[in-house]
Each structure stands twice: as structure tokens, then as C-alpha cells.
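Fold and contact review
One letter stands for each residue in the lines below.
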Amino acid sequence: TRHLLGLEGMTPDQIEPLLDLAESYALLNRSRKVPRDVLRGRTLINLFFEDSTRTRTSFELAGRRLGADVINMSVAQSSVNKGETLLDTAATLNAMQTDLLVVRHSQSGAPALLARKVDACVVNAGDGMHEHPTQALLDALTIRRHLGTLGGLTVAICGDVAHSRVARSNIHLLTTMGSTVRLVGPSTLVPSALGRLGVDIHHNMEDGLRGADVVMMLRLQRERMSSGLVPSAREYFRFFGLDRRRLDLARPNALVMHPGPMNRGVEIESSVADSSQSVIQEQVEMGVAVRMAVLDRLTRSRRAA
Ligand code: CP
């Protein structure tokens, strides 16, 4: 397909080769030997309606390393402020012969809507509470590098799952690849309805972490909560924060992951985030490689079409 809108419905036969390509880009990044002609003559526009550090920067680096012209549209200084709609904004960028449109938006489904209206390949860089596909792909690549497989693992995804597009994409990918996913958190943030996604649900950290191969922590997404329902940081950490004592219930050398941005002392103890079990910085590194693979693959399928 021409776009990457989500991981729901993707098969292992589609996921594994993408991760293989990303792994090869990870090695080329390390040796500073990336071929600069893969995206030569292509134009990539980053269109972010929500804040970002990692995703926007890594798409920019990925595009530039492969030779594309990359534009970061500053939505805050754009004509969106003068009332231009999302679709008219996209049509305007489309008329400039854009090849790749990387979109982050607070509304679930916004990138899919754009994909129906533009000629460019659309990449979902996070839409509302729906999906964040490149995040789950970079998480998967990081796990595969350390544990050698994505099948047969037990992955505990802990915290504010209800508001998390990262969790949803990870659930789709990891269950598709044959791993068991446990969702761990208070019932307000891990509602039992999520069980329909084929996951186990735990409302107690100790039960959820016991024997896990991977512990993935999530930020409290206060911006998606109504103000009366935001838990206090201190209470939250007491019951659902990842500290050393709780991490020791997981398998020895279990991986500690976090998509970022991280709130130290709220969902994760600072020393655990910086411990030898943490692969949080490697996740960021793999983010560039995964996005290079996605941009390469999408433009290749477009050339072939
Ligand atoms: N993980 C993630 O999407 O981070 P940013 O919001 O900084 O892009």
C-alpha cells in the first residue's frame, strides 16, 4: 500500500521485512554510510498539529539522510490559524508536488482522511488515541535486537493505556507476531473493554509485571483527560510507578522501555530509566532507522505502481 496509517491488519509477512530493512539502515547509520540517493528529488513535509520531539526530528533526519528535501511546516505559524481546514491545507501541500506527507493530529482518523484526498504517500505520525505505527515498529525492532524474536514473549504495557495510540499500535503488532500482551494500570486508565483486543488485563503492578520479558511504561496523557480525572503524581507513582522493587518481579534482565516523553518520578523511577536494563535511548536511535525504512518502502511501492 501507498500509505502507512496503522498496524491493525498488517501480517507478519509485511512486518518482518520492514524491520529487516530498518535493521540494515540502523547499521548504515552507525557506520555513517547511508546511500544519499534513495529519496533524491523527493519532497517530504512534516505536518504536525501536535507537539513532538522524537517523531518529528527523526522523520526529518530520516528524510535528509536518504536525500529528500524536507520541510517542517510550522502549524502554529500557518494559515490554519486563519481558519483554513485540514483538508484545504493538505490540498495546498499536495499541489506543491509533495511525495511524502507525515501527519500528526489530535483527531483519530485525520491521516486516513488526508490519504483519500492527496497524491502523496501519507504516514501517520500519531492520530489522537488511535495509532502511532512507526513507534510500535521501532519498539519491535529494539525488542528483536535484544531478545532475538517477537514471538512467544510476555510484554507488560503499563499505565495510561486508555489514551495511548502507542499502546494500541504495540498491541496490534505484538499480538500479530505471537506475543502475549498484558495491560497494567488502574481501571480508569485500563478499562476492561480493552480485553477485546486479545490482551490480558491487570490492575495491580505486581501481578502484571511478574515474569514479563519486556516492561513498557507509558506517560499519563493529561492533555487527553478531563481535569477532574487527572491522578496526583505522588499517588500514581506509589501504586503504578516502575521502581526497582517492582522491576525485579519481571524476568532477570527484562527490557525497560518508554516511548517518551518521560515523566521521571511519575510513571518511572529515574534510576530505573537510566539503568542497564533500560533501552529507552536505543528506541530513539531505532526510530530514525525505522522511519528511513518506511520512507524507502513507501516511495518504492509508489515508483512501482
Ligand atoms: N514517542 C513520541 O511520539 O515522542 P514525541 O511526541 O516526542 O514525538
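No experiment lies behind these values; they were computed from the predicted model shown.

**Some thoughts on the UniProt feature "domain: Aspartate/ornithine carbamoyltransferase carbamoyl-P binding" (unreviewed entry) in the protein**
The residues that UniProt annotates with the feature "domain: Aspartate/ornithine carbamoyltransferase carbamoyl-P binding" (unreviewed entry) are residues 2-144. Annotated as 41% helix and 17% strand, the span residues 2-144 places its first and last C-alpha atoms 26 Å apart.

**Observations regarding the sheet that holds strand E3 (residues 100-105)**
Strand order across the open sheet formed by four strands is E2-E1-E3-E4, with parallel pairing between neighbours. The open sheet has two free edges, formed respectively by strand E2 (69-74) and strand E4 (121-127), since each of these has just one partner strand. Shown here is a sheet whose adjacent strand axes are inclined to one another by a mean of 15 degrees, direction ignored. Judged from the six bridges that link them, strand E1 (residues 43-48) and E2 form a sheet pairing that is parallel. By the bridge assignment for E2, Leu47 is matched with Met73. With respect to the sheet, helix H2 (residues 54-65) is in contact with E1, E2, E3 and E4, its orientation differing from that of E1 by roughly 175 degrees.

**Considerations on the UniProt feature "binding site: L-aspartate" (unreviewed entry) in the protein**
Here the UniProt feature "binding site: L-aspartate" (unreviewed entry) sits at Lys82, Arg165 and Arg219. Spanning 138 residues, the annotated positions stay apart in the fold, the maximum distance between their C-alpha atoms being 32.6 Å. Secondary-structure assignment places Lys82 in the loop between E2 and helix H3 (86-95).

**What about the site of the ligand?**
The ligand sits among Ser52, Thr53, Arg54, Thr55, Arg104, His132, Gln135, Pro259 and Gly260. Here an oxygen atom of the ligand sits 2.8 Å away from a polar atom, N or O, in the main chain of Thr53. One nitrogen or oxygen atom from the main chain of Gly260 is found 3.2 Å from a nitrogen atom belonging to the ligand. Computed on the free molecule, the ligand has an accessible area of 260 Å², of which 92% lies beneath the protein chains in the complex. Here the residues of the shell around the ligand are counted per class, giving one nonpolar, six polar and two charged.

**Describing the nonpolar core**
Residues Leu137, Ile157, Leu173 and Leu183 are the most contacted members of the largest nonpolar core, which totals 63 residues. Once you skip the residues sitting within four places of it in the chain, Ile157 turns out to touch Ala167, Asn170, Ile171, Val181, Arg182, Leu183, Val184, Met216 and Leu218. In terms of nonpolar packing, the next biggest core, distinct from the first, is built from 23 residues, Met205, Ala212, Tyr236 and Val256 among them.

**A look at unusual backbone geometry**
Of note, the bond from Gly260 into Pro261 is cis; its omega dihedral lies within 30 degrees of zero at -10 degrees. The topology assignment puts Pro261 in the loop between strand E9 (255-257) and helix H10 (270-273). One non-glycine residue, Arg32, adopts positive backbone phi at about 55 degrees. Its place among the elements puts Arg32 in the loop between helix H1 (12-30) and E1. One non-glycine residue, Gln97, lies in positive phi territory at about 60 degrees. Take Gln97: it is sitting in the loop between H3 and E3. Overall, Gln97 belongs to the exposed group, its relative accessible area being 63%.

**Quick look at the packing of H1 against helix H5 (residues 133-147)**
Two elements in contact, H1 and H5, have axes whose closest approach is 10 Å; the angle formed by their N-to-C orientations is 75 degrees. Judged by the inter-axis angle, H1 sits roughly perpendicular to H5. In contact with Ile15, Glu16, Leu18, Leu19, Asp20, Ala22, Glu23, Ala26 and Leu27 of H1, H5 contributes Leu137, Ala140, Leu141, Arg144 and Arg145. Per-class residue counts for the contact of H1 with H5 are nine nonpolar, no polar and five charged.

**So, the packing of H5 against helix H6 (residues 165-176)**
Packing of H5 against H6 leaves a shortest axis separation of 8 Å and a crossing angle of 55 degrees. Classified by the angle their axes make, H5 and H6 are oblique. Handedness of the crossing formed by H5 with H6: right-handed. Every residue of H6 that contacts H5 at Pro133, Gln135, Ala136, Leu137, Asp139, Ala140 and Ile143 is listed here: Val166, Ser169, Asn170, Leu173 and Leu174.

The rules behind the values
- Residues numbered from 1 in each chain as written.
- Predicted model: local features only at pLDDT ≥ 70, side-chain atom pairs only at ≥ 80, totals over all residues.
- Heavy atoms only, no water.
- UniProt positions renumbered as here; feature names shortened; annotations may be inferred.
- Helix = DSSP H or I, 4+ residues; strand = E, 2+ residues; numbered from the N terminus.
- Pairing = 2+ DSSP bridges.
- Axes fitted to C-alpha atoms, helices over the stretch in contact; angles between N-to-C directions.
- Contact = heavy atoms within 4.5 Å.
- Near = heavy atom within 4 Å.
- Polar contact = N/O pair within 3.5 Å; in protein donor to acceptor, adjacent residues only side chain to side chain.
- Areas by Shrake-Rupley, 256 points an atom, 1.4 Å probe, with all protein chains shown as cover.
- Nonpolar A, V, L, I, M, F, W, Y, C, P; charged D, E, K, R; others polar.
- Core = buried A, V, L, I, M, F, W, Y, C linked by side-chain atoms within 4.5 Å.
- Buried < 20%, exposed > 50% of the residue type's maximum accessible area, 1.4 Å probe, protein only.
- Parallel < 35°, antiparallel > 145°, perpendicular 65-115°, else oblique.
- Left-handed = near helix turned anticlockwise from the far one by under 90°.

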